[in-house]
Amino acid sequence: MTDANQIPTSRIPTATELRTFSQQTEALMLECIEESDSVVNLDGKIKLGLLVKLLKVYRNMFAIADLNDSDTPPILARIIYELALSFIFLVINQDDHPEYFELFRKTTLQRMADLMKNAENAPDKDRKSNKDMVDGLRKKLSDEQFNSDESSKNYPKSWLPDKSYYQMAKEVGGEFLAAYNIFYEATSTFVHPNWLDIERNHIDTSNTLVTAQLKSPPLSVLPLCTASCFILRTIEVFGMSIFDKNSTKSKRLVERSRHIHHLLHNGSPDPIIWTP
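Residues numbered from 1 in each chain as written. Predicted model: local features only at pLDDT ≥ 70, side-chain atom pairs only at ≥ 80, totals over all residues. Heavy atoms only, no water.

A. A look at the overall build of the protein. Along the protein, the regular secondary structure elements total 11 helices and 2 strands. Sequence-ordered secondary structure for the protein, helices as α and strands as β, is α-α-α-α-α-α-α-α-α-β-β-α-α. Dimensions along the principal axes, computed over C-alpha positions, put the protein at roughly 65 × 60 × 30 Å. Taken over 276 residues, the protein has a buried fraction of 46%. Taking as baseline every contact in the protein between residues at least 6 positions apart, the subset at least 24 positions apart corresponds to 71%. On the protein, roughly 14,900 Å² of surface is accessible, and the fraction owed to carbon and sulfur atoms is 53%. (Helix = DSSP H or I, 4+ residues; strand = E, 2+ residues; numbered from the N terminus. Buried < 20%, exposed > 50% of the residue type's maximum accessible area, 1.4 Å probe, protein only. Contact = heavy atoms within 4.5 Å. Areas by Shrake-Rupley, 256 points an atom, 1.4 Å probe, with all protein chains shown as cover.)

Set out below in structure tokens:
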């Protein structure tokens, strides 16, 4: 087993190996979701929702990769980074800062309130589609009993009013901090309009007359592998967070996630695929 805070040595698995790793990782994620299901409190709802979205995006990334699309997986890997980082940050702070869960909710609602205000003052405010959107936003804010005066409008690059994703990554440490300046920033090339991405992946400059490059470049397993690391770390932290609730299951989740993570970087996958 590896130290939870130690960044494993880099060995990039083959595409076939990574598919087995991903199936094993999915199975563990389903155990986490099953353990988190049927919740009542806000913190439980948010943690469950983050786990479910993580699994959906992770599955979609591999489904898209199977279509030989090399452009979309890095974008989805960036989403997985933010989801996993948010989940772990909330879990490690849930005892000292339980208010973070309410801030997670309020920041989203404040942005929704701002969107509604902008739509009400937009040049096309009288269009039916715009009115319907405003009505829908107003109803949701009412259902949430949201008071805009109680919420901060100071938006960094995250859902937390006074912390950016980089600051969260510094607190979480390990792979999330190491990945921020390299992986997270590098994926901006794929997420946002970018000359290097266009030149490398979307136009053919090999001849004098530049032409469209409609076929995706060869698929790299790196974003898939990196996303798997984030998911496995999430499972590990989740397992450690439920020690008091179910020590047998939590110990198994931690051991399995660390074992898969270690083999992902240092060896071939086990032939078995664990199921809940």
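B. How the structure looks around the nonpolar core. Counting 59 residues, the largest nonpolar core has Ile80, Tyr81 and Trp159 as its most contacted members. Secondary structure elements with two or more residues in this core: α1 (15-36), α2 (42-65), α3 (72-93), α4 (99-120), α6 (165-172), α7 (174-186), α10 (222-241) and α11 (247-266). Looking at this core element by element, the count peaks at 12 residues for α3. Trp159 has contacts with Ser86, Phe89, Leu90, Tyr100, Leu103, Phe104, Thr107, Arg111, Tyr165 and Met168, leaving out every residue within four places of it along the chain. Ranked by size, the runner-up nonpolar core spans 9 residues in total, among them Leu109, Met112, Ala119 and Leu141. (Core = buried A, V, L, I, M, F, W, Y, C linked by side-chain atoms within 4.5 Å.)

C. Representation of a nonpolar patch on the surface within the structure. Residues Trp195, Leu196 and Ile198 make up a contiguous nonpolar surface patch of about 310 Å² in total accessible area. Of note, Trp195 is situated in helix α9 (residues 195-201). (Patch = residues over 30% accessible without salt bridge, like charges linked within 9 Å, V, L, I, M, F, W, Y side chains within 5 Å. Salt bridge = Lys/Arg side-chain N within 4 Å of Asp/Glu carboxyl O.)

D. Main features of the pattern of salt bridges. Per the counting criterion, the structure on display carries 15 salt bridges. With its nearest N and O atoms 2.7 Å apart, the salt bridge here joins Arg19 to Asp66. With a gap of 47 residues between them, Arg19 in helix α1 and Asp66 in the loop between α2 and α3 connect regions that are remote in the sequence. Owing to a relative accessible area of 25%, Arg19 belongs among the partly exposed residues under this scheme. We note a salt bridge from Glu26 to Arg59, for which the minimum N-O separation is 3.0 Å.

E. Representation of the state of the cysteines within the structure. Per the stated rule, a full pass over the model turns up 0 disulfides. Of all cysteine sulfurs in the structure, the one in Cys229 sits closest to Cys32, which takes part in no disulfide; the separation is 16 Å. Looking at the unpaired Cys229, the closest cysteine sulfur is the one in Cys225, lying at 4.7 Å. The class for Cys229 is buried, based on a relative accessible area of 6%. (Disulfide = S-S within 2.5 Å.)

F. Layout of α11. Its 20 residues give α11 an end-to-end C-alpha distance of 28 Å, which sits within 8% of 28 Å, the value for a rise of 1.5 Å per residue. The set of residues buried in α11 consists of Lys249, Ser250, Leu253, Val254, Arg256, Ser257, Ile260, His261, Leu263, Leu264 and His265. Next to the buried residues of α11 lie α1, α7 and α10. (Expected span 1.5 Å × (residues − 1).)

G. A look at the side chain of Ser22. Inspection of the secondary structure puts Ser22 in helix α1. Polar contacts involving the side chain of Ser22 include one to the main-chain carbonyl oxygen of Arg19, which spans 2.7 Å. Residues contacting Ser22, with those up to four places away along its chain left out, are Tyr58 and Phe62. (Polar contact = N/O pair within 3.5 Å; in protein donor to acceptor, adjacent residues only side chain to side chain.)

H. Expanded view of the environment of His265. With respect to the helices and strands, His265 occurs in helix α11. Judged by its relative accessible area of 10%, His265 is buried. In sequence terms His265 and Arg11 are 254 residues apart; their C-alpha atoms lie 4.6 Å from each other.

I. Seen up close, α7. Spanning 13 residues, α7 covers 18 Å between terminal C-alpha atoms, matching the ideal 18 Å at 1.5 Å per step. Of all the bends in α7, the greatest, near 65°, is centred on Tyr180. Inspection of α7 places Glu175, Phe176, Ala179, Tyr180, Phe183 and Tyr184 among the buried residues, and these make up the whole buried set. Check the buried side of α7 and you find it contacts α3, α6, α8 (188-191), α10 and α11. (Bend = angle between axes of the 7 residues up to and from the residue.)

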